[in-house]
Amino acid sequence: AIKAAMPDSPVVVAGPNIVPTLTEVGFCLYDLGRLQDDFRDLESTEGISTLEIDYFRADDLADQDSDGILEVSLAAIQACLALAERTLDKSSILDSSVIRARNAVSHFCVGSAKRSPPVRLKRGLYMAGDFVDRTGHASWSTEKSVVTGRQAAQAFGADFALSCIEETKIIPA
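Residues numbered from 1 in each chain as written. Predicted model: local features only at pLDDT ≥ 70, side-chain atom pairs only at ≥ 80, totals over all residues. Heavy atoms only, no water.

Observations concerning the overall build of the chain
Now for step 1: Helix and strand counts for the chain stand at six helices and five strands.
Now for step 2: For the chain, the α and β elements follow one another from N to C terminus as α-β-β-α-α-β-α-α-β-β-α.
Now for step 3: Looking at the chain residue by residue over its 173 residues, the buried ones come to 38%.
Now for step 4: Sequence separation of at least 24 residues holds for 57% of the intrachain contacts in the chain that already meet a minimum separation of 6.
Now for step 5: Accessible surface, the chain: about 10,100 Å² in total, of which carbon and sulfur atoms supply 52%. (Helix = DSSP H or I, 4+ residues; strand = E, 2+ residues; numbered from the N terminus. Buried < 20%, exposed > 50% of the residue type's maximum accessible area, 1.4 Å probe, protein only. Contact = heavy atoms within 4.5 Å. Areas by Shrake-Rupley, 256 points an atom, 1.4 Å probe, with all protein chains shown as cover.)

Structure follows, in structure tokens:
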């Protein structure tokens, strides 16, 4: 169900308000079965999806116990992938891990994508990463680097007529 819900990309970026409990919290959802060889066999042979959620602006979420975070995460995955209610529940989880890093990385301003420079500077010259001081709000974001890297690859593919580059769809953060 996960791979079918993410047909265009193994990465989904979701801004805040995906579910009521995440009013200030956004996240990146990674389908590790498509991104890392270690998890690819689980999906192809056993039908097991391996996902990672990397939250940003999540200090309040980090105060919850691991079961609470897992419940919020399942609701967020269902909402951002438009899965039917109760498609995912705790009984479908084989293993989980919650790592908390308060006041850590993945700090960026909601709505900052609108103020970011384009990834294509000109045909043949592309930029990617999280490199912009947005009016005094310095940011450091792995997610932003992943997304702009995919966008730069897509722009490169379009400029040089490469059909192997998939379109990157982004939920604005």
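Considerations on the pairing of strand S2 (residues 26–31)
Now for step 1: The buried fraction of S2 is high, at six of six residues.
Now for step 2: Residues Gly 26, Cys 28 and Tyr 30 of S2 are buried on one face, and the alternating residues Phe 27, Leu 29 and Asp 31, pointing to the opposite face, are buried as well.
Now for step 3: Pairing between strand S1 (residues 11–14) and S2: four bridges, direction antiparallel. In the sheet register, Val 13 faces S2, and the bridge partner there is Cys 28.
Now for step 4: Sheet topology note: the S2/strand S3 (residues 51–56) ladder contains six bridges and is antiparallel. Of the residues in S3, the one forming a bridge with Tyr 30 is Glu 52. (Pairing = 2+ DSSP bridges.)

A short note on the packing of aromatic side chains
Each aromatic ring pair is described using two quantities: the centre-to-centre distance and the angle formed by the ring planes.
Now for step 1: With the rule as written, the count across this model stands at three aromatic pairs.
Now for step 2: Taken together, a centroid distance of 5.7 Å and an interplanar angle of 65° make the contact between Phe 27 and Tyr 55 edge-to-face. In this pair, Phe 27 is assigned in strand S2 and Tyr 55 in strand S3, connecting sequence segments 28 residues apart. Residue Phe 27 shares its accessibility class with Tyr 55, and that shared class is buried.
Now for step 3: Taking the centre distance of 5.8 Å and the plane angle of 75° together, the rings of Tyr 126 and Phe 156 count as edge-to-face. In this pair, Tyr 126 sits in strand S5 (residues 125–126) while Phe 156 sits in helix H6 (residues 142–159), placing the two residues 30 residues apart along the sequence.
Now for step 4: Through a chain of ring-to-ring contacts, the aromatic side chains of Tyr 126, Phe 156 and Phe 160 assemble into a single cluster.
Now for step 5: In this structure, Arg 123 packs its charged tip against the face of Phe 160, placed 4.2 Å from the ring centre. (Phe/Tyr/Trp six-rings, centres within 6.5 Å; stacked < 30°, edge-to-face > 60°. Lys NZ or Arg CZ within 6 Å of the ring centre and 35° of its normal.)

A closer look at a nonpolar patch on the surface
Now for step 1: On the surface, Phe 156, Phe 160 and Leu 162 cluster together to form a nonpolar patch covering roughly 250 Å² of accessible area.
Now for step 2: Tracing the chain through its elements places Phe 160 in the segment after H6.
Now for step 3: Using a relative accessible area of 35% as the deciding quantity, one classes Phe 160 as partly exposed. (Patch = residues over 30% accessible without salt bridge, like charges linked within 9 Å, V, L, I, M, F, W, Y side chains within 5 Å. Salt bridge = Lys/Arg side-chain N within 4 Å of Asp/Glu carboxyl O.)

Digging into the sheet that holds S2
Now for step 1: Judged by pairing direction, the sheet is antiparallel, and its three strands sit side by side in the order S1-S2-S3 without closing on themselves. On the outer flanks of this sheet lie S1 and S3, each paired with one strand and no other. Averaged over neighbouring strand pairs, the angle between their axes works out to 15° when direction is ignored. (Axes fitted to C-alpha atoms, helices over the stretch in contact; angles between N-to-C directions.)

Overview of the confidence of the model for the chain
Now for step 1: For the chain, per-residue confidence averages 79 on the pLDDT scale, and 79% of positions sit at 70 or higher.
Now for step 2: Averaged pLDDT values for the elements of the chain fall to 81 in helix H3 (residues 37–46) and rise to 93 in S5. (pLDDT = per-residue confidence, 0-100.)

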